[in-house]
Amino acid sequence: MSSNLFNENDDLLEFEAAPEQAGERIDKFVTDSLNEDSISRTQVQEWIKSGAVLVNQNAVKPNYKLSSGDLVAIRVPEPEDAAIEAEDIPLDIVYEDADVIVINKPRGMVVHPAPGHSSGTVVNALMHHCKDLSGINGVLRPGIVHRIDKDTSGLLMAAKNDLAHVSLAGQLKEHSVSRKYIALVHGNLPHDQGTIDAPIGRDQNDRKLFTVTDRNSKHAVTHFVVLERIADDYTIVELQLETGRTHQIRVHMKYIGYPLAGDPMYGRNKTVALKGQALHAAVLGFKHPRTGEFLEFEAPIPADMEHVINSLRLR
């Protein structure tokens, strides 16, 4: 059936089904096309039911099976008024233009509102600063393309419109975004460099944790390079994410026996004087969603982490 839901002035996102995607459900196709982890299939199904997703200009059901060459148009619904409020929280802005903003997030700051963290988040601060964030992730996570843990510091990008969001999320899905972290780990890593290729899923014994498992897991790859060994008990490493699973670096380093110093969830009891894991997102690089120019940014490790490292060197 035809639909007149879309006007000529609507801001549409359009995708074409490739031959290898023939037979795929439309709800899965849309979810995968928009981004990898930050939007739910349930939310996409609601969009489809409301007529916000058209296939060849026709409304379909969430279980519609695609044919090669199908043209899928998505009108991302306007975000509803959020219960969260814009807050005048200072941001360390590394880069900003009409499409994207890159900030250096401090340790201890939550990225988006969640139960127990309705204020003081990156989203609260961005809503005050930007006024024009993308609405793909709904009212609680406007503009958020990826996130870093509360107690991880460093570089984070956000999209200021839906087209930029799709571009940045697509780059994350294709693993073309450059993401390098600096971490202080327990133990003396014997190899100067290496790759951890181990799937990550929910811990069946504690749903708040993740672990290396073959059960209901996702492919996860982390590359590491040793930067410095401190005596026999600590190592500074640079880690590059090929995939971006929740807690990936923390889980992978624990898996190989060198957990992050200060990590309250995956670390050891003997730890350092740091509120949270010694992990910093130091490098972030991506293609600009409008110009295609590759941009790369760096942020030095924060003062608290630097102080811990210097103290260990001076023992």
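Relevant structure appears above.
Residues numbered from 1 in each chain as written. Predicted model: local features only at pLDDT ≥ 70, side-chain atom pairs only at ≥ 80, totals over all residues. Heavy atoms only, no water.

> Summarise the side chain of Thr235; cite the residues concerned and give the values.
Here Thr235 shows up in strand E13 (residues 234-241). Classification of Thr235 as buried rests on a relative accessible area of 0%. There is a polar contact of 3.2 Å between the side chain of Thr235 and the backbone nitrogen of Leu189. Residues within four places of Thr235 in sequence aside, it is in contact with Ala183, Leu184, Val185, Gly187, Asn188, Leu189, Val226, Glu228 and Arg229. (Helix = DSSP H or I, 4+ residues; strand = E, 2+ residues; numbered from the N terminus. Buried < 20%, exposed > 50% of the residue type's maximum accessible area, 1.4 Å probe, protein only. Polar contact = N/O pair within 3.5 Å; in protein donor to acceptor, adjacent residues only side chain to side chain. Contact = heavy atoms within 4.5 Å.)

> How would you sum up unusual backbone geometry? Please name residues and give values.
Even without glycine at this site, Gln57 takes up a positive phi of about 70°. Structurally, the position occupied by Gln57 is in the loop between strand E2 (53-55) and strand E3 (58-59). One non-glycine residue, His175, adopts positive backbone phi at about 65°.

> A description of the nonpolar core should follow, citing residues and the corresponding values.
Counting 33 residues, the largest nonpolar core has Leu126, Tyr181, Leu239, Ile249 and Met253 as its most contacted members. For this core, the secondary-structure elements that each account for two or more residues are strand E6 (100-105), helix H3 (122-129), strand E7 (153-159), strand E8 (178-186), strand E12 (221-230), E13, helix H5 (248-255) and strand E14 (279-287). Ranked by residue count, the leading element in this core is H3, at four residues. Here Tyr181 is in contact with Ile148, Thr152, Val237, Glu238, Leu239, Leu241, Ile249, Leu279, His280, Ala281 and Ala282, once residues within four sequence places are set aside. (Core = buried A, V, L, I, M, F, W, Y, C linked by side-chain atoms within 4.5 Å.)

> So, the environment of Gly285: which residues are in play, and what are the values?
Take Gly285: it is sitting in strand E14. Looking at Gly285, the relative accessible area reads 0%, which means it is buried. Put simply, Gly285 and Ser178 are 107 residues apart on the chain and 4.6 Å apart in space, counted from C-alpha to C-alpha. Ignoring any residue separated from it by four or fewer positions in sequence, one finds Gly285 in contact with Ser176, Val177, Ser178, Phe294, Leu295 and Glu296.

> Which residues make up the pattern of salt bridges, and what values go with them?
For the coordinates displayed, the defined rule picks out 10 salt bridges. For Asp99, the salt bridge is made with Arg290, and the minimal N-O distance between the two is 2.6 Å. On the criterion of sequence distance, the pair formed by Asp99 in the loop between strand E5 (93-96) and E6 and Arg290 in the loop between E14 and strand E15 (294-298) is long-range, its members being 191 residues apart. Owing to a relative accessible area of 60%, Arg290 belongs among the exposed residues under this scheme. In this structure, Asp192 and Arg229 form a salt bridge, with 2.9 Å as the shortest nitrogen-oxygen distance. Placement of Asp192 in the loop between E8 and strand E9 (193-197) and of Arg229 in strand E12 is noted, with a sequence separation of 37 residues between them. (Salt bridge = Lys/Arg side-chain N within 4 Å of Asp/Glu carboxyl O.)

> Requested: an account of the environment of Val308, with residues and values cited.
Tracing the sequence through the fold places Val308 in helix H6 (residues 303-313). Using a relative accessible area of 8% as the deciding quantity, one classes Val308 as buried. Considered as a pair, Val308 and Leu184 are 124 residues apart in the sequence and their alpha carbons are 9.4 Å apart. Aside from chain neighbours lying at most four places away, what touches Val308 is Leu184, Val272, Ala273 and Leu274.

> A description of the sheet that holds E2 should follow, citing residues and the corresponding values.
If you trace the four strands from one edge of the open sheet to the other, you get E1-E4-E2-E3, paired in antiparallel fashion. Of all the strands in the sheet, the pair left with one neighbour each is strand E1 (13-16) and E3. Where E1 and strand E4 (residues 71-74) come together, four bridges link them in antiparallel fashion. Bridging from a neighbouring strand, Glu14 pairs with Ala73 of E4. (Pairing = 2+ DSSP bridges.)

Honestly, it's all geometry; don't read function into it.
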